[in-house]
Amino acid sequence: MRQRENEIASGSELAGWTADTIERIIVQSPVVLIWQIDEYGCVWYETTIVGPDGTEESHTLIVYDDDTWEPIRNQGIEEHPD
């Protein structure tokens, strides 16, 4: 994953932590519900996963519209108008 390579190359403290976390999120929560669309149109979601030490970790992430994810609509979830 490019994130890990960039962190290692730049000598970041805890290099690879972000990539490892993203990989755990993908495995444990492959389908997410959007939590918020902010004033800039950025899409955010929250998730809780089990960390490497067995404890729960809460994360809030932004979803970039870069063709790496696919929205799923009308899957039995009521849509709320703005």
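Residues numbered from 1 in each chain as written. Predicted model: local features only at pLDDT ≥ 70, side-chain atom pairs only at ≥ 80, totals over all residues. Heavy atoms only, no water.

**Some remarks on the pattern of salt bridges**
- Using the criterion set out here, one finds one salt bridge in the structure.
- Of the charged contacts in the structure, one is a salt bridge between Glu57 and Arg24, with a shortest N-O distance of 2.8 Å. One end of the pair, Glu57, is in strand E3 (residues 56-63); the other, Arg24, is in helix H2 (residues 17-28), and 33 residues separate them in sequence.
- Its relative accessible area of 17% is what places Glu57 among the buried residues. (Salt bridge = Lys/Arg side-chain N within 4 Å of Asp/Glu carboxyl O. Helix = DSSP H or I, 4+ residues; strand = E, 2+ residues; numbered from the N terminus. Buried < 20%, exposed > 50% of the residue type's maximum accessible area, 1.4 Å probe, protein only.)

**Quick word on the side chain of Ser29**
- Looking at the element boundaries, Ser29 is found in the loop between H2 and strand E1 (36-37).
- For Ser29, the side chain forms a polar contact with the side chain of Thr47, separated by 3.1 Å.
- Excluding anything up to four places from it in sequence, Ser29 contacts Arg24, Thr47, Thr48 and Ile49. (Polar contact = N/O pair within 3.5 Å; in protein donor to acceptor, adjacent residues only side chain to side chain. Contact = heavy atoms within 4.5 Å.)

**A word on the environment of Ser58**
- With respect to the helices and strands, the residue Ser58 is situated in strand E3.
- The exposure class of Ser58 is exposed, given its relative accessible area of 63%.
- Along the chain, Ser58 and Thr48 lie ten residues apart, while their C-alpha atoms are 4.4 Å from each other.
- Contact partners of Ser58, with chain neighbours within four places excluded, come to Thr47 and Thr48.

**Description of the pairing of E3**
- Of the two faces of E3, the one holding Glu57, His59, Leu61 and Val63 is buried and the one holding Glu56, Ser58, Thr60 and Ile62 is not buried anywhere.
- Both strand E2 (residues 43-50) and E3 contribute to a ladder of eight bridges, which runs antiparallel. Its bridge partner being in E3, Val43 is matched across the sheet by Val63.
- If you look at the hairpin formed by E2 and E3, you'll find five residues sitting between the two strands, and Gly54 has a positive phi there, around 90°. (Pairing = 2+ DSSP bridges.)

**Let's talk about the pairing of E2**
- A one-sided burial pattern is seen for E2, the buried positions being Val43, Tyr45, Thr47 and Ile49 and the unburied ones Trp44, Glu46, Thr48 and Val50.
- Both E1 and E2 contribute to a ladder of two bridges, which runs antiparallel. From the neighbouring strand, Ile37 faces E2, where its bridge partner is Val43.

Without other data, these values stay purely geometric and don't point to any function.
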